[in-house]
Amino acid sequence: LPAEKGAPMSDFDTVLHPDHVVPIMPRRQILSDHSVALNGGQIAAILPRSEALLIDVEHTPLPGCVLMPGLINLHCHSAMSLLRGYADDLSLMTWLQDYIWPTEREFISPDFVRDGSDLALADLLLGGTTTLADHYFFPDVTAASIDRAGLRGLLTFPVIDVETGWARNAEEGINRGLALRDDYRDHDRIDIGFGPHSTYMVKEETLAKVAVLADELEASVQIHLHESREEVLTAVERTGVRPVDLLERLGLLGPRTQCVHMTAIGEQDMETVAKYGAHVVHCPRSNLKLGVGICPVQRLLDLGINVALGTDGAASSNRLSMLAEMQTASLIGKTQHGDPTAVDAWTALEMATLAGARALGKEDTLGSIEPGKVADLIAINVSALPLSPNHNLASSLVYATSGQEVSWSWVAGKPLMQDGRLLTLDYTDLMTRAERWSQQLGAFRKTLES
């Protein structure tokens, strides 16, 4: 039991009283009739309910709820929420080349990114996310949105060898990203890393430069990798090596590298990732919808590779609910391996919490409910009829939720959602802005199809 028994009352400022606590660490435990005490934005103790009720501080009852660590979404394109449902049921390259990229060239701007990011952050909070890794243009704008909304984030600034609305070329993108990193150097909730798009959109010399800079700065690197069979075959034809082997050769694989998607991979690819301690970010719903394949999660886990979860952007996954992502990851993991014990409920919960923290290099402060860690928490209401009876809480959380059961959310002890109501984002204002963009984007889409 990760509790601080006998701690002085002055060590607490708030006590949360859920029906159950799922701390994630120790692994596979459920604590009933226990409360979680907070102090100064950190988890101070896990106490038996009878002891916690005697503490003379603010008390927050959470009847019918499970308290667990806030979910960590390791891959998102927040601003692309404005493109939700914009170009569906298409192949990956048709989706990108015929719709997404032309639309981005036309509309990408600080206003687009601000409105899309704000919309996404509301969706993320409602789906259980408290920390996200975002990968998109104008990361300075998204960082400001994350800061205002109170979430925690890693912004991996785009590095791409074509002109975009944000930078004329990769060099300018890197320089702007490094300046942004300086701006947020001392921020307690926001980090800045490198986001080379992919091996097919970034030149080898640019990837090599990113490798050197990221190593010098000890910064995270996030890259789309082995997302489809077509990507891998094209890479071999163009460079003579598979994408993951190219990263190895350039020195871009390591314990701060986050490899996103990884659906088209073989045993040798997996062994290379394991060798360098790189992380895999699984985005199951997006991959299924784009028909690019299924990441072999259980095999990766068996090789000791850390696998985190991401939603991708709403343009490809439509929803940014990490609860829904956990469910999908577990279900397709069983089908992928032909084994109902593969990617079990507890594994999915760990992928969405502690594995995400590990990929960020923050497992000492995030990802579980343990004294000394930051109080990034969510309360999930499991008292509804569709979740009853609760024979197995881990199973209920992963398989029975619809993605809308998150009722409370805290980051560093500050509530961002209460009884299902957003506290730092204006729901009505978000709907108004989304409708404005819907009209503009819808008109442009018609020109693409004419």
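Scroll up a little and you will see the structure.
Residues numbered from 1 in each chain as written. Predicted model: local features only at pLDDT ≥ 70, side-chain atom pairs only at ≥ 80, totals over all residues. Heavy atoms only, no water.

### Observations regarding the side chain of Glu 405
Thinking step 1. Residue placement: Glu 405 occurs in the loop between helix H16 (393-400) and strand S15 (406-411).
Thinking step 2. One buried charged residue, Glu 405, forms no salt bridge at all, with the nearest opposite charge on Arg 319 at 8.9 Å.
Thinking step 3. Here Glu 405 is in contact with Leu 323, Ala 379, Ile 380, Asn 381 and Leu 387, once residues within four sequence places are set aside. (Helix = DSSP H or I, 4+ residues; strand = E, 2+ residues; numbered from the N terminus. Buried < 20%, exposed > 50% of the residue type's maximum accessible area, 1.4 Å probe, protein only. Lys, Arg positive; Asp, Glu negative; His and termini not counted. Salt bridge = Lys/Arg side-chain N within 4 Å of Asp/Glu carboxyl O. Contact = heavy atoms within 4.5 Å.)

### Focus on the pattern of salt bridges
Thinking step 1. Applying the stated criterion across every chain yields a total of 24 salt bridges.
Thinking step 2. A salt bridge links Asp 376 to Arg 152; its shortest N-O distance comes to 2.7 Å. Here Asp 376, found in the loop between helix H15 (354-359) and strand S14 (377-381), pairs with Arg 152, found in strand S8 (residues 152-159); they are 224 residues apart in sequence, far enough to count as distant. Note on accessibility: Asp 376 and Arg 152 belong to one class, buried.
Thinking step 3. Taken together, the salt bridges that share partners define one network made up of Asp 111, Arg 114, Asp 115, Asp 118, Arg 148, Asp 429 and Arg 433.

### So, helix H13 (residues 322-337)
Thinking step 1. With 16 residues, H13 extends 22 Å from end C-alpha to end C-alpha; this agrees with the ideal 22 Å at 1.5 Å per step.
Thinking step 2. Buried within H13 we find Met 322, Leu 323, Ala 324, Glu 325, Met 326, Thr 328, Ala 329, Ser 330, Ile 332, Gly 333 and Lys 334.
Thinking step 3. The N-cap of H13, judged by a side-chain oxygen 3.4 Å from the amide nitrogen of Leu 323 a few residues on, is Ser 321.
Thinking step 4. Once H13 ends, the next one or two residues include Gly 338, with phi positive near 60°. (Expected span 1.5 Å × (residues − 1). Polar contact = N/O pair within 3.5 Å; in protein donor to acceptor, adjacent residues only side chain to side chain.)

### As for the packing of aromatic side chains
Thinking step 1. Going through the model one piece at a time under the given rule, you end up with 6 aromatic pairs.
Thinking step 2. Each ring, one from Phe 107 and one from Trp 437, has its centre 6.3 Å from the other, and the planes form 80°; the classification is edge-to-face. Within this pair, whereas Phe 107 is found in helix H2 (residues 92-107), its partner Trp 437 is found in helix H17 (residues 427-449), the two being separated by 330 residues in sequence. For the pair Phe 107 and Trp 437, a shared accessibility class is recorded, and that class is buried.
Thinking step 3. Summarising the aromatic geometry, the rings of Phe 107 and Phe 444 are spaced 5.3 Å apart at their centres and angled 85° between planes, so their arrangement reads as edge-to-face. In this pair, Phe 107 sits in helix H2 while Phe 444 sits in helix H17, placing the two residues 337 residues apart along the sequence. Assigned by exposure class, Phe 107 and Phe 444 land together as buried.
Thinking step 4. Three or more aromatic residues joined by ring pairs make a cluster, and in this case those are Phe 107, Phe 112, Trp 437 and Phe 444.
Thinking step 5. Directly above the ring of Tyr 86 sits Arg 445, whose terminal nitrogen or CZ lies 5.9 Å from the centroid. (Phe/Tyr/Trp six-rings, centres within 6.5 Å; stacked < 30°, edge-to-face > 60°. Lys NZ or Arg CZ within 6 Å of the ring centre and 35° of its normal.)

### Observations regarding the nonpolar core
Generally speaking, a soluble globular protein has its nonpolar side chains buried in company with each other.
Thinking step 1. The biggest cluster of nonpolar side chains holds 117 residues, and the ones touching the most others in it are Trp 95, Phe 112, Phe 194 and Leu 349.
Thinking step 2. Not counting residues within four places of it along the chain, the set of residues in contact with Phe 112 comprises Ala 79, Leu 82, Leu 83, Phe 107, Tyr 136, Trp 437 and Leu 441.
Thinking step 3. Residues Ile 43, Cys 65, Ala 379 and Trp 408 belong to the second largest nonpolar core, which totals 16 residues. (Core = buried A, V, L, I, M, F, W, Y, C linked by side-chain atoms within 4.5 Å.)

### Re the state of the cysteines
Thinking step 1. Applying the stated criterion across every chain, the model contains 0 disulfides.
Thinking step 2. Cys 76 takes part in no disulfide bond, and the closest cysteine sulfur to it belongs to Cys 283, at a distance of 9.2 Å.
Thinking step 3. Cys 295 takes part in no disulfide bond, and the closest cysteine sulfur to it belongs to Cys 283, at a distance of 9.2 Å.
Thinking step 4. The buried category is assigned to Cys 295, whose relative accessible area is 2%. (Disulfide = S-S within 2.5 Å.)

### A look at the environment of Leu 422
Thinking step 1. Tracing the backbone through its elements, the reader meets Leu 422 in strand S17 (residues 421-422).
Thinking step 2. For Leu 422, a relative accessible area of 12% corresponds to the buried category.
Thinking step 3. Discounting chain neighbours no more than four positions away, the residues touching Leu 422 are Ala 122, Leu 125, Leu 126, Leu 416 and Met 417.

### What about the side chain of Asp 376?
Thinking step 1. The class for Asp 376 is buried, based on a relative accessible area of 6%.
Thinking step 2. Polar contacts involving the side chain of Asp 376 include one to the side chain of Arg 152, which spans 2.7 Å.
Thinking step 3. Within the structure, Asp 376 has its side chain in polar contact with the backbone nitrogen of Ala 412 (distance 2.8 Å).
Thinking step 4. Setting aside chain neighbours within four positions, we find Asp 376 in contact with Pro 69, Gly 70, Thr 130, Thr 131, Arg 152, Leu 366, Trp 410, Val 411 and Ala 412.

### Digging into the packing of helix H6 (residues 204-217) against helix H8 (residues 243-250)
Thinking step 1. Axis separation between H6 and H8 bottoms out at 9 Å; the angle between their running directions is 55°. In terms of orientation, H6 lies oblique with respect to H8. Handedness of the H6/H8 crossing: right-handed. Here Glu 204, Leu 207, Ala 208 and Ala 211 of H6 lie close against H8, whose contacting residues are Leu 246, Leu 247, Arg 249 and Leu 250.
Thinking step 2. Classifying every residue of the contact of H6 with H8 by side-chain character gives 6 nonpolar, no polar and 2 charged. (Axes fitted to C-alpha atoms, helices over the stretch in contact; angles between N-to-C directions. Parallel < 35°, antiparallel > 145°, perpendicular 65-115°, else oblique. Left-handed = near helix turned anticlockwise from the far one by under 90°. Nonpolar A, V, L, I, M, F, W, Y, C, P; charged D, E, K, R; others polar.)

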